[in-house]
Amino acid sequence: MISILLMSLESENDRKKLTDIYHRYNKVVFYVALKIMKTQDNAEEVAQDVWIRVVEKFERISGLPDDELKPYLTVMTRNIAFNRLKSEKKRSAYSFEELQENGDSRINISAASGESAADVRYAEIVHMINNLPDIYKDVLELKYVLEWSNSEISSLLGVSAAKVAVRAFRGRKVLVNQLNKLKGDKENGGKENETCRA
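Residues numbered from 1 in each chain as written. Predicted model: local features only at pLDDT ≥ 70, side-chain atom pairs only at ≥ 80, totals over all residues. Heavy atoms only, no water.

A.B. asks: When you look at the overall build of the protein chain in this model, what are you seeing that I'm missing?
C.D. replies: Across its full length, the protein chain carries 11 helices and zero strands. When the helices and strands of the protein chain are listed from N to C terminus, the series reads α-α-α-α-α-α-α-α-α-α-α. Counting every position in the protein chain, which comprises 198 residues, the buried fraction comes to 39%. Sequence separation of 24 or more characterises 63% of the internal contacts of the protein chain that already satisfy a separation of 6 or more. Total accessible area computed for the protein chain in this model is approximately 11100 Å², and 49% of it derives from carbon and sulfur atoms. (Helix = DSSP H or I, 4+ residues; strand = E, 2+ residues; numbered from the N terminus. Buried < 20%, exposed > 50% of the residue type's maximum accessible area, 1.4 Å probe, protein only. Contact = heavy atoms within 4.5 Å. Areas by Shrake-Rupley, 256 points an atom, 1.4 Å probe, with all protein chains shown as cover.)

A.B. asks: Which parts of the structure should I look at to understand the packing of helix α3 (residues 40-56) against helix α5 (residues 66-88)?
C.D. replies: Relative placement of two packed helices is described by the angle separating their axes and the distance separating the axes. Two numbers describe how α3 lies on α5: the axes approach to 9 Å, and their chain directions differ by 125°. Here α5 runs oblique to α3, going by the angle between their axes. α5 is crossed by α3, and the crossing has right-handed handedness. Touching Glu45, Val46, Asp49, Val50, Trp51, Arg53 and Val54 of α3 are Leu73, Met76, Thr77, Ile80, Ala81 and Arg84, all from α5. In terms of residue class, the contact of α3 with α5 is built from eight nonpolar, one polar and four charged. (Axes fitted to C-alpha atoms, helices over the stretch in contact; angles between N-to-C directions. Parallel < 35°, antiparallel > 145°, perpendicular 65-115°, else oblique. Left-handed = near helix turned anticlockwise from the far one by under 90°. Nonpolar A, V, L, I, M, F, W, Y, C, P; charged D, E, K, R; others polar.)

A.B. asks: Please explain the environment of Glu68 as it appears in this structure.
C.D. replies: Turning to its location among the elements, Glu68 is positioned in helix α5. Judged by its relative accessible area of 41%, Glu68 falls in the partly exposed class. Sequence separation between Glu68 and Leu157 is 89 residues; the distance between their C-alpha atoms is 7.9 Å.

A.B. asks: I would appreciate a short explanation of the environment of Met76 in the present structure.
C.D. replies: By the secondary structure assignment, Met76 is in helix α5. Using a relative accessible area of 8% as the deciding quantity, one classes Met76 as buried. Spatially, the C-alpha atoms of Met76 and Trp51 are 9.9 Å apart, while their sequence positions differ by 25 residues.

A.B. asks: Would you explain helix α2 (residues 12-37) in this entry?
C.D. replies: Because an α-helix packs 3.6 residues into every turn, residues spaced three or four apart end up facing the same way. By the largest-angle criterion, Tyr25 marks the main kink of α2, which is about 50°. Listed in full, the buried residues belonging to α2 are Leu18, Ile21, Tyr22, Tyr25, Val29, Val32, Ala33, Ile36 and Met37. Close packing links the buried residues of α2 with α1 (2-7), α3, α4 (58-61) and α5. One or two steps after α2, the chain reaches Lys38, where phi turns positive at roughly 75°. (Bend = angle between axes of the 7 residues up to and from the residue.)

A.B. asks: It is not clear to me how the environment of Val139 should be interpreted in this structure. Could you clarify?
C.D. replies: Within the secondary structure, Val139 sits in helix α9 (residues 134-145). Taking C-alpha positions, Val139 is 6.8 Å from Arg167, a pair spaced 28 residues apart along the chain. Those residues in contact with Val139 that sit more than four places away from it in its chain are Ile153, Leu157, Val164, Arg167 and Ala168.

A.B. asks: What am I meant to see in unusual backbone geometry here?
C.D. replies: A negative phi angle characterises most non-glycine residues, just as the trans form characterises most peptide bonds. Residue Lys38 is not a glycine yet carries a positive backbone phi of 75°. Along the chain, the position of Lys38 falls in the loop between α2 and α3. Owing to a relative accessible area of 54%, Lys38 belongs among the exposed residues under this scheme.

A.B. asks: Explain α5 here, please?
C.D. replies: Under the 1.5 Å per step criterion, the end-to-end length of α5 is 33 Å for 23 residues, consistent within 8% with the ideal 33 Å. Looking only at α5, the buried set comprises Leu69, Pro71, Leu73, Thr74, Met76, Thr77, Arg78, Ile80, Ala81, Phe82, Arg84 and Leu85. (Expected span 1.5 Å × (residues − 1).)

A.B. asks: I tried to follow the nonpolar core on my own but got confused; where do I start?
C.D. replies: Across soluble globular proteins, nonpolar side chains have a tendency to be buried as a group. Counting 38 residues, the largest nonpolar core has Leu18, Trp51, Val54 and Leu73 as the members making the most contacts within it. Where this core is concerned, the elements lending two or more residues are α1, α2, α3, α4, α5, α9, α10 (150-157) and α11 (161-197). With nine residues, the top contributor of residues to this core is α2. When sequence neighbours within four positions are dropped, the list of residues in contact with Leu18 reads Ile2, Leu5, Leu6, Leu9, Val54, Val55 and Phe58. Residues Ile125, Tyr144, Leu179 and Leu182 belong to the second largest nonpolar core, which totals 10 residues. (Core = buried A, V, L, I, M, F, W, Y, C linked by side-chain atoms within 4.5 Å.)

This is the structure:
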């Protein structure tokens, strides 16, 4: 894989940089992809897409400092993996309640909000997380979707574990408010329909 990517770059210096980046971060890219995709084959496909994107954006990526490169590649991997899942429509088929009944603890928001899990679909929650400000979105996805610890997220994002915990708390709070609003909108929509019938 790396030899094919190297042919895409013109200068020897760029090829050396790409080789270094690939050897330092290929395991991280694959690990993040595997946590999301769940199978080795799908994770390898995502990892290939990531490295192709790295080559396409190499001028920008090669200029990133080391402390920004790992988070950048992690977020890129996550986004490519989630986009692949969306296109395959694997996630939208399950309701949040079905995921919890099957023992999927990736996101346990309903307990925090008092929400009835049957009222909210898993895909809606993922969509809500994706629409949060990046400061909360990244922490929530890493913590609840990828199941990373606060210390892992801390080292990845270059912030303290305490700051990660605060961001997770605030992000959950924003998400719970959105879930409550969604539930209220659904309840009000139903009441309006009943009123119209009367």
